[in-house]
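Residue-level structure breakdown
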Amino acid sequence: MRRVLFLDFDGVLNNTGWFEKQAAYWKGVPGALRAPREERDFDPENMRYLGMIQYMVPGLEIVVSSSWRKGRTIDQLRGYLAGYVPPRRVVDVTGAHESRLRHIEITEWLDAQDPPVDRFIALDDDTFDMTPLGGNFLHVHRSTGLTWKHVQAAVAHLMGAR
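To keep things clear, this report deals only with the structure shown in the data block. (Residues numbered from 1 in each chain as written. Predicted model: local features only at pLDDT ≥ 70, side-chain atom pairs only at ≥ 80, totals over all residues. Heavy atoms only, no water.)

**A few points about the overall build of the chain**
Stated precisely, the cut-off is as follows: Helix numbers and strand numbers start at the N terminus; a helix is a DSSP run of H or I with at least 4 residues, a strand a run of E with at least 2. Burial classes: relative accessible area under 20% of the type maximum marks a residue as buried, over 50% as exposed, and values in between as partly exposed (1.4 Å probe, protein chains only). The contact rule is simple, with two residues in contact once any of their heavy atoms fall within 4.5 Å. Shrake-Rupley sampling with a 1.4 Å probe provides the accessible areas, and residues are treated as covered by the protein chains on show and by no other component.
In terms of helices and strands, the chain carries 6 helices and 5 strands. Scanning the chain from its N terminus toward the C terminus, one meets helices and strands in the order β-α-α-α-β-α-β-α-β-β-α. Across the 162 residues that make up the chain, the buried fraction comes to 45%. Expressed as a percentage of contacts within the chain between residues at least 6 apart in sequence, the contacts between residues at least 24 apart total 69%. For the chain, the accessible area works out to roughly 8300 Å², and carbon and sulfur atoms hold 53% of it.

Given below as structure tokens:
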């Protein structure tokens with residue numbers, strides 16, 4: 001069975017509280033996080049939850065649907081997720097559609113697959129262009145990023161329990 005997770009980065013692998021901590025770093029507040037730029041963009045807690053999903057869903061393929069895919073190689077994207085997701089799990093990125101609507105980019109990617117995808121879920125903090133995906137869309141609120149609740153829902157959906 002082929003299972004795919006479409007992954008947005010901003011608002012899913014980070015959250016508003018995380019960005020507030022990062023803003024403190026730039027203001028020189030003692031105790032603020034110090035890490036290379038790309039590592040600072042991701043909240044380790046949100047990243048651990050992504051790691052749990054890939055661990056709990058055998059053979060899961062991750063396709064980056066985030067705007068981060070633009071101007072970066074697949075190897076760079078894999079590198080950002082390293083330590084939480086094995087590089088072999090990040091298999092592709094969605095293409096860019098002239099409408100810039102993410103659900104169309106995801107649908108076009110799915111339509112091009114052979115063998116076809118059996119189950120998929122899209123994790124994203126934006127809802128305006130994702131509702132056509134119906135139950136295959138899981139809204140992640142940007143105030144929290146990915147949480148245990150999302151892990152449970154994504155795994156249940158990908159494994160066919162919901």
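**Overview of the packing of helix 3 (residues 44-56) against helix 6 (residues 148-158)**
Rule in force here: Axis definition: a line fit to C-alpha positions, over the contact stretch in the case of helices; interaxial angles, taken between N-to-C directions, run 0 to 180 degrees. Every angle not falling under 35 degrees, over 145, or within 65 to 115 is termed oblique; those three ranges are roughly parallel, roughly antiparallel and roughly perpendicular. When the near helix sits turned anticlockwise from the far one by under a right angle, the crossing is termed left-handed; a clockwise turn instead gives a right-handed crossing. In this classification, Asp, Glu, Lys and Arg are treated as charged, Ala, Val, Leu, Ile, Met, Phe, Trp, Tyr, Cys and Pro as nonpolar, and every other residue, Gly included, as polar.
For the pair helix 3 and helix 6, the least separation of the axes is 9 Å and the interaxial angle reads 20°. Taken as axis vectors, helix 3 and helix 6 run roughly parallel relative to one another. In this structure, helix 3 meets helix 6 at a crossing whose hand is right-handed. Counting all contacts with helix 3, which are made through Tyr49, Met52, Ile53 and Met56, the residues of helix 6 involved are Trp148, Val151, Ala154, Val155 and Leu158. Residues belonging to the contact of helix 3 with helix 6 are distributed by class as follows: 9 nonpolar, no polar and no charged.

**A short note on a nonpolar patch on the surface**
For clarity, the threshold we go by: Patches were defined on residues exceeding 30% relative accessible area and lacking a salt bridge, with like-charge contacts within 9 Å and nonpolar side-chain contacts (Val, Leu, Ile, Met, Phe, Trp, Tyr) within 5 Å. Counted as salt bridges are all cases of a side-chain nitrogen of Lys or Arg within 4 Å of a carboxyl oxygen of Asp or Glu.
A contiguous nonpolar patch, built from Met52, Tyr55, Met56 and Trp148 and spanning about 450 Å² of accessible area, is present on the exposed surface. Residue placement: Tyr55 occurs in helix 3.

**What to know about the packing of aromatic side chains**
We describe a pair of aromatic rings using the distance from one ring centre to the other and the angle between the two ring planes. Under the convention used in this document: Two rings from Phe, Tyr or Trp (for Trp, the six-membered ring) form a pair when their centres sit within 6.5 Å of each other. Planes less than 30 degrees apart are called stacked, planes more than 60 degrees apart edge-to-face, and all others tilted.
Counted by the stated rule, this structure contains 7 aromatic pairs. Both rings, one in Phe6 and one in Trp109, keep their centres 5.4 Å apart while their planes meet at 85°; by these two values the pair is edge-to-face. Taken as a pair, Phe6 in strand 1 (residues 3-7) and Trp109 in helix 5 (residues 102-111) lie far apart in primary sequence, 103 residues in all. According to the relative accessible area criterion, Phe6 is buried, its value standing at 0%. On the numbers, 5.4 Å between centres and 85° between planes, the contact of Trp68 with Tyr80 is edge-to-face. Here the residue Trp68 occupies a position in the loop between strand 2 (61-64) and helix 4 (74-81), and Tyr80 occupies one in helix 4, the gap between them amounting to 12 residues.

**Considering the pattern of salt bridges**
According to the stated counting rule, one finds 7 salt bridges in the structure shown. A salt bridge links Glu61 to Arg2; the shortest N-O distance between them is 2.8 Å. A residue pair is termed long-range when its members are at least 10 positions apart, and Glu61 in strand 2 and Arg2 in the segment before strand 1 qualify at 59 residues. On the basis of relative accessibility, which here comes to 16%, the residue Glu61 falls in the buried class. As a salt-bridge pair, Arg78 and Asp75 come within 2.9 Å of each other at their nearest N and O atoms. One end of the pair, Arg78, and the other, Asp75, are both in helix 4, 3 residues apart, so they sit about a helical turn from each other. In this structure Arg78 comes out as partly exposed when scored by relative accessible area, which is 21%. A relative accessible area of 53% means that Asp75 is categorised as exposed.

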